[in-house]
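Residue strings, one per chain:
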Amino acid sequence: MDKQKTLKESAVYSGIALHTGVRSTLRFLPAGADAGIISRRVDLPGKPEVAARADKVVDVRRGTTIGEGACVAHTVEHIMASLHALQIDNAVIEMDGPEPPIADGSSLPFWKVLKAAGTVHGSISEYAVHPFSLWGKARRRGRALCYAMVRSTSSRVSVKAS
């Protein structure tokens, strides 16, 4: 099993946020083993944090919003896609506002700054299901679907009628 990865160096990206229209700066920082992906709001008193996990999703209108208490981070899906593409398991994302920059509307600008920062392997093995992996349950017409995204070369699907 591969070892967890974090950033080798910090990275910064600034721009205008899509929905709020305010200037926003992100600082991507290395994090220790098993930290997961953490959003830290440096513009709020006490610099509150929220883990980027499916159970912290509080809204999905016009983007994915994670939150816990006073700490809310809007439109995080492109950042998460970039981290996942680079197989980064642990990082802190300092945000000076509620929403990251829109950049060009894709995850590519975030991927570029993260790629330039580099990655390093830690001493702890990866999880089978990462803290930032997509998981959930969907219901439609009395049927339920449970799903999980994992990094693997094989997969198994189990369907149970309810």
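Everything discussed here concerns the structure shown above.
Residues numbered from 1 in each chain as written. Predicted model: local features only at pLDDT ≥ 70, side-chain atom pairs only at ≥ 80, totals over all residues. Heavy atoms only, no water.

Caption draft 1: Broad picture of the overall build of the protein chain. Looking only at helices and strands, the protein chain has two helices and 12 strands in total. In sequence order, the secondary structure elements of the protein chain are arranged as β-β-β-β-β-β-β-β-α-β-α-β-β-β. Counting over 162 residues, the protein chain shows a buried share of 37%. Across the protein chain, every contact between residues at least 6 apart in sequence was considered, and the portion connecting residues at least 24 apart equals 64%. Put simply, the protein chain shows about 9600 Å² of open surface, and 54% of that area lies on carbon and sulfur atoms. (Helix = DSSP H or I, 4+ residues; strand = E, 2+ residues; numbered from the N terminus. Buried < 20%, exposed > 50% of the residue type's maximum accessible area, 1.4 Å probe, protein only. Contact = heavy atoms within 4.5 Å. Areas by Shrake-Rupley, 256 points an atom, 1.4 Å probe, with all protein chains shown as cover.)

Caption draft 2: Quick look at the side chain of N90. By the element assignment, N90 lies in the loop between α1 (77-85) and β9 (91-95). Within the local environment of N90, its side chain forms a polar contact with the backbone nitrogen of G36, the two atoms lying 2.7 Å apart. Beyond its immediate sequence surroundings of up to four residues, N90 is in contact with Q4, K5, T6, L7, A31, G32, A33, D34, A35, G36 and I37. (Polar contact = N/O pair within 3.5 Å; in protein donor to acceptor, adjacent residues only side chain to side chain.)

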